[in-house]
Amino acid sequence: MNKIRKTMLITLVILLTMSASSFAYEKEADEVYLNRDLLEKEIWNEYIKLDEFQKHYAENPKDAEAMIDSIVDTKMQIHRNNSITPRGGQGTIAYINFPQFKQKNSYYCGPASALTAIYGMGEESSVTGSTYNAKQDTLAYNMGTSSGIGTYVYRMRNELNNYSSEQYNYYYAPTKNDMWWIIGGSLLSDNAPILHANTREFSYYENYNVEHYLTIVFHNTAIDDDEIGCMAVMDNHYNDDYYGTHDISLDEAYESIRGRYLIGVSL
């Protein structure tokens, strides 16, 4: 056998082996998503290690368990949709209507982001207070926001559920594909999703990093994930350098919540 034919044969064997391995992996993943008990066990084992979920479970175990059930349902629905629904087509834009306002102080990004989402729901009149700052105070009190801690993710999720007709969950480090569906579904139901983000991943922060809540207010599914303008966030930052509505990419949003959370409604 000459060297060229031998090389081609070796290459073919490698490709077939990789294909078989990929098929086996996809089959294994399918089996998890088709078996609700297996998927629930997998998600439970992931979340029970998280400090946010441990606090949530200690405070309200029934609600924490119900959220896991909802996350399982969402992941199974996303998996089913992926097999039958292509991206693109008509109706690619989803957004909320909202006013722009700054967070009251340096640790109120949680209350400000939650208030932005509540305005998107049209439920702002349900929040006590006649000004943006007063409404932020109401939400901060309800969520236990403090200067030393800020706002816990699970308490923000719980507070949003007091105003939404849907159910918010907090999704830990979701895949980019899961984010795509959750963000779109949340905005289409007028329930803005919120990033529990590291800001260094956003180009407009120019590598400055702080842990920060940002409300996603716009998503255009016709734009590629890596393009700025695929999404937009309302940044309620008290500093004018960062305050306002900013175009971002899905890739930036994805990287900003590695090891962190996306707060959005179940599908």
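Considering the packing of aromatic side chains
Thinking step 1. Under the defined criterion, the tally for this structure stands at 18 aromatic pairs.
Thinking step 2. Aromatic side chains Trp 44 and Phe 53 sit 5.5 Å apart centroid to centroid with 90° between the ring planes, which places their arrangement in the edge-to-face category.
Thinking step 3. With a relative accessible area of 26%, Trp 44 lands in the partly exposed category.
Thinking step 4. A cation over a ring is seen here: Arg 258 above Tyr 254, with NZ or CZ 3.7 Å from the ring centre.

Considerations on the layout of surface pockets
It is the rolling of a water-molecule-sized probe over the atoms that shows where space remains empty.
Thinking step 1. Here the largest pocket defines a volume of roughly 410 Å³.
Thinking step 2. Contributing to the lining of the largest pocket are 23 residues, with Cys 109, Ile 149, Gly 150, Glu 211 and His 212 lying nearest its centre.
Thinking step 3. Elements with a minimum of two residues in the lining of the largest pocket: helix 5 (109-121) and strand 4 (211-220).
Thinking step 4. Broken down by element, the residue count for the lining of the largest pocket peaks at 3 residues, all from strand 4.
Thinking step 5. When grouped by side-chain class, the residues that make up the lining of the largest pocket number 9 nonpolar, 11 polar and 3 charged.

Details of the nonpolar core
Thinking step 1. One finds Tyr 47, Leu 160, Tyr 170, Leu 195 and Ile 263 to be the most contacted residues of the largest nonpolar core, which totals 66 residues.
Thinking step 2. Top element by residues in this core is helix 5. It accounts for 8 residues.
Thinking step 3. When neighbours within four sequence positions are excluded, Leu 195 is seen to be in contact with Met 179, Phe 202, His 212, Tyr 213, Leu 214, Ile 216, Val 233, Ala 253, Ser 256, Ile 257, Tyr 261 and Leu 262.

Points about the side chain of His 219
Thinking step 1. Looking at where His 219 falls in the secondary structure, it is placed in strand 4.
Thinking step 2. By relative accessible area, which is 1% here, His 219 ends up buried.
Thinking step 3. Non-local contacts of His 219, meaning those with residues more than four positions away in its chain, are made with Thr 92, Ile 93, Ala 94, Trp 180, Ile 183, Gly 184, Leu 187, Cys 230 and Met 231.

Definitions and limits used
Residues numbered from 1 in each chain as written. Predicted model: local features only at pLDDT ≥ 70, side-chain atom pairs only at ≥ 80, totals over all residues. Heavy atoms only, no water. Phe/Tyr/Trp six-rings, centres within 6.5 Å; stacked < 30°, edge-to-face > 60°. Buried < 20%, exposed > 50% of the residue type's maximum accessible area, 1.4 Å probe, protein only. Lys NZ or Arg CZ within 6 Å of the ring centre and 35° of its normal. 1 Å grid on protein atoms, 1.4 Å probe; cavity = no way out; pocket = protein on both sides within 12 Å on 5 of 7 lines; lining within 4 Å. Points joined across faces, edges and corners; volume = space filled by probe spheres on them. Helix = DSSP H or I, 4+ residues; strand = E, 2+ residues; numbered from the N terminus. Nonpolar A, V, L, I, M, F, W, Y, C, P; charged D, E, K, R; others polar. Core = buried A, V, L, I, M, F, W, Y, C linked by side-chain atoms within 4.5 Å. Contact = heavy atoms within 4.5 Å.

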